[in-house]
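Notes for the structure review
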Amino acid sequence: MSLHEYDVHSIKVLEDMEAVRRRPGMYIGSTGPDGLLHLIYEVVDNAVDEHLAGYCDEIWVIVNEDKSITVRDNGRGIPVGIHPEAGINTVELVMTTLHAGGKFERGGYKVSGGLHGVGVSVVNALSEWLEVEVRWKDGKVYRQRFSRGRKVTELEVVGETEETGTTVSFLPDREIFGELRYNFTKLAQRLRELAYLNPGLTIHLDNRITGLRRTFHYKGGIVSFVKELATGKDPLHKDPIYLSDSRPDRAVEIAMLFTNAIDEEVFTFANCINTREGGTHLTGFRAALTRVINDYAREKRMLGKNDENLPGEAIREGLVAIISVKLTSPEFEGQTKMKLGNPWVRAYVEEVVREQFYQYLVKNPGVARAIIEKSIAAHRARQAAAKARQLVRRKGALVSLSLPGKLADCTSEDPTVAELFIVEGDSAGGSAKQARDRTFQAILPLRGKVLNVEKAGLSKLLDNQELRAIITALGTGIREEFDITKLRYHKIILLTDADIDGAHIRTLLLTFFFRNLRPLIEHGHVYIAQPPLYSVQVGKERIYLYSDEELERFRQSANGRYTVRRFKGLGEMNPRELWETTMNPETRVLKKVTIRDALEADEIFSTLMGPDVSLRRAFIQENAHRVAVLDI
Ligand code: 1YM
């Protein structure tokens, strides 16, 4: 490569790194807590890719005391030689080149598309410093350092070693991320998920800020994952059903367990990325499942000639399953890039499930019978429920006739302007009732902790007074019965304290909405109010501050005397303050809840309420340290 080419290359590098720093959101989604996690995932993904390529079986993730992150693997090490096309060492190339796809074609089931797979150079661009260490097969340790995407040292030999592997350490740039606060709960969950999806892999998490250490290793892979998800769910058979197929360019693994629960819990992954919006792998799976069950049921005469087919929803009632596909070039689409798009995957998954699930049923007739009997019962129950509903409707017993007693309704009957505040606690509810503009704002106070909706079935859920009050106030009905045209308020605003308890209740409510009233979130009707944490009096003027960072910034810029008051809870605000800061549409700040937020709440919730005691303990400990935030 000539000098000229080299200059052109380095100018391009600087431009690329600058572009990432100017618009970080484009590359990592946000510069909030999720963005920080993204940086870690990006580096971890490279180590996982090395595992998938067959060379690495252990990964360490360390959160250092200075808030820098270290990720280490025992793979081959990023190649240290000069890259034939670029003319610079490959480590530097990987760390400074935005990989726009095809730049360095790497084989295997690499992560691509979506928000992951933007490349580790993005991490480099957004780090105050980044250091790569490669333990190479020539017995030498190589090191190179960067700062904000720019090379600080050449690749140097700094020692000797008998092992191979890569270590990447970096300190996310505070100029971009502000205060560095990691959501350890989410990080632990993701690493745990990766360990489940890759049974040959051990992942260590060492949090030197909290002193918490965990090791994730699941020999049973997704079979153990499904078992864990199904704990407390009354299974129809003991061992999850496991189906798998693997070819050079594609692989699929499915674990499923049928239970007597009502919910369907099917999680899908493509190249270890959680495809929360589903996609072609899910479609193929569902089609095959419905087909196989109906074919088998007819063969065994559990369904008669004149019986209609069992619908998929009835078959999937109580199903807990993981579908994990791996492919060389996944395409991610959908609103949040979390939906698998490759059309051929549908037929592939469908074929594997049709053949192998059918074989399973033939070999396990007892289980087959149990699944089909459950499906028939579920189908009958659904039909009966639908009939009963029709009957009730005809009788004219409309929900809205009996609004909950605690609801302080608004006078307007126009849903498009009406707002419902769901308020934590009676005293805050009282303040809100005084503060509101009753023409369009309704208040529903909630008492105490809302029911744990996780393990509760539908019938129990409807016994819960607080949740029933919400359902009747909204007027829409829930789940299959949900009818958005009956919605009585177009803005549903959750108003909870700005502390851990408040966050907990908000998580519970979001989970409840997500599982029972999802279209409300999809249509953007659900909001979170943002009450201030502090009120500051400067002479005659009063300012409200919404976070510790805002207070810090205020303190740094303030001159003269001022007094700070911290609100311990909503109940401490007088009605005028509550109106000004949180309820008045002219001055308040509302956060619209997205499906992503709700999904996260759902996951956090599962951790909090789920069977993994150590995760729950970690969550609580971390909150006690005030380092983890529930950012919803
Ligand atoms: C702590 C992060 O990045 N490990 C890692 C990265 C690579 C390799 C091995 C690797 C890949 C290949 C061949 C290949 C990367 N290499 C590249 C590139 N851990 C971490 N471990 N040899 C080594 O894919 O062919 C990019 S990442 F481009 F240089 F091949």
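Everything numeric here is computed off the predicted structure, so don't read it as measured data. (Residues numbered from 1 in each chain as written. Predicted model: local features only at pLDDT ≥ 70, side-chain atom pairs only at ≥ 80, totals over all residues. Heavy atoms only, no water.)

1. Considering the overall build of the protein chain
When you go through the protein chain residue by residue, the secondary structure sums to 21 helices and 24 strands. Across the 632 residues of the protein chain, 52% fall into the buried class. Nonlocal contacts in the protein chain, meaning residues at least 24 apart in sequence, comprise 69% of its contacts between residues at least 6 apart. Of the roughly 28700 Å² of accessible surface on the protein chain, a fraction of 50% belongs to carbon and sulfur atoms. (Helix = DSSP H or I, 4+ residues; strand = E, 2+ residues; numbered from the N terminus. Buried < 20%, exposed > 50% of the residue type's maximum accessible area, 1.4 Å probe, protein only. Contact = heavy atoms within 4.5 Å. Areas by Shrake-Rupley, 256 points an atom, 1.4 Å probe, with all protein chains shown as cover.)

2. Here's the deal with the side chain of Glu-133
Positionally, Glu-133 belongs in strand E3 (residues 127-135). Polar side-chain contacts of Glu-133 include one of 3.2 Å to the side chain of Arg-143. (Polar contact = N/O pair within 3.5 Å; in protein donor to acceptor, adjacent residues only side chain to side chain.)

3. Details of the sheet that holds strand E17 (residues 419-424)
Working definition: the strands of a sheet are paired by backbone hydrogen bonds and lie parallel or antiparallel to each other. Pairing within the open sheet is mixed, and its five strands lie in the order E18-E17-E19-E20-E24. Since the sheet does not close on itself, it has two edges, and those belong to strand E18 (441-446) and strand E24 (590-592), each with one partner. Neighbour-to-neighbour, the strand axes of the sheet open up by a mean angle of 25°, direction not taken into account. When E17 meets strand E19 (residues 491-495), the two strands line up parallel, connected through five bridges. Residue pairing in the sheet places Val-423 in a bridge with Leu-495 of E19. Here helix H13 (residues 426-435) sits on the sheet in contact with E17 and E18, set at roughly 170° to E18. (Pairing = 2+ DSSP bridges. Axes fitted to C-alpha atoms, helices over the stretch in contact; angles between N-to-C directions.)

4. Re the packing of helix H3 (residues 33-52) against helix H7 (residues 184-197)
Between H3 and H7, the least distance of the axes is 11 Å, while the angle of their chain directions is 20°. Viewed along their axes, H3 and H7 adopt a mutual orientation that is roughly parallel. Like other packed secondary-structure pairs, H3 and H7 cross with a definite hand, here right-handed. In this structure, H3 uses Asp-34, Leu-37, Ile-40, Tyr-41, Val-44, Asp-45 and Val-48 to contact H7, whose residues at the interface are Lys-186, Leu-187, Arg-190, Leu-191 and Leu-194. Class assignment for the residues of the contact of H3 with H7 results in eight nonpolar, no polar and four charged. (Parallel < 35°, antiparallel > 145°, perpendicular 65-115°, else oblique. Left-handed = near helix turned anticlockwise from the far one by under 90°. Nonpolar A, V, L, I, M, F, W, Y, C, P; charged D, E, K, R; others polar.)

5. Some thoughts on the sheet that holds strand E22 (residues 541-545)
Taken together, the three strands give an open sheet; going across it, the order is E22-E21-E23, and neighbouring strands pair in antiparallel fashion. Edge positions in the sheet fall to E22 and strand E23 (563-566), since each has one partner strand and no second. Averaged over neighbouring strand pairs, the angle between their axes works out to 20° when direction is ignored. Where strand E21 (residues 534-538) meets E22, five bridges bridge the pair, whose relative direction is antiparallel. For Val-536, the partnering residue across the bridge sits in E22 and is Ile-543. Running over the sheet, helix H18 (residues 548-557) touches E21, E22 and E23 and is turned about 140° from E22.

6. Some details on the side chain of His-379
Inspection of the secondary structure puts His-379 in helix H12 (residues 365-394). Judged by relative accessible area, His-379 falls into the buried class, the value being 13%. Once you skip the residues sitting within four places of it in the chain, His-379 turns out to touch Glu-308, Leu-310, Pro-311 and Ala-314.

7. Examining the pattern of salt bridges
Scanning the entire structure with this criterion turns up 40 salt bridges. Between Glu-175 and Arg-148 there is a salt bridge whose closest N-O contact spans 3.4 Å. A residue pair is termed long-range when its members are at least 10 positions apart, and Glu-175 in helix H6 (residues 174-177) and Arg-148 in the loop between strand E4 (140-147) and strand E5 (150-151) qualify at 27 residues. A relative accessible area of 60% places Glu-175 in the exposed class. Note that Glu-466 and Lys-406 form a salt bridge whose closest N and O atoms lie 2.9 Å from each other. Residue Glu-466 is located in helix H15 (residues 465-474), and its partner Lys-406 is located in the loop between H12 and E17; the two are separated by 60 residues in the primary sequence. (Salt bridge = Lys/Arg side-chain N within 4 Å of Asp/Glu carboxyl O.)

8. A word on the nonpolar core
Side chains that are nonpolar tend, in soluble globular proteins, to be buried together. Counting 70 residues, the largest nonpolar core has Ile-40, Met-95, Val-132, Phe-170 and Leu-191 as the members making the most contacts within it. In terms of residue count, H3 provides more of this core than any other element does, nine residues in total. Membership of the second largest hydrophobic core comes to 40 residues, among which are Phe-285, Met-302, Tyr-348 and Tyr-360. (Core = buried A, V, L, I, M, F, W, Y, C linked by side-chain atoms within 4.5 Å.)

9. Structural notes on unusual backbone geometry
Residue Lys-67 is not a glycine yet carries a positive backbone phi of 75°. Looking at the element boundaries, Lys-67 is found in the loop between strand E1 (58-63) and strand E2 (69-73).

Fair warning: the whole summary comes from geometry, so function is off the table for now.
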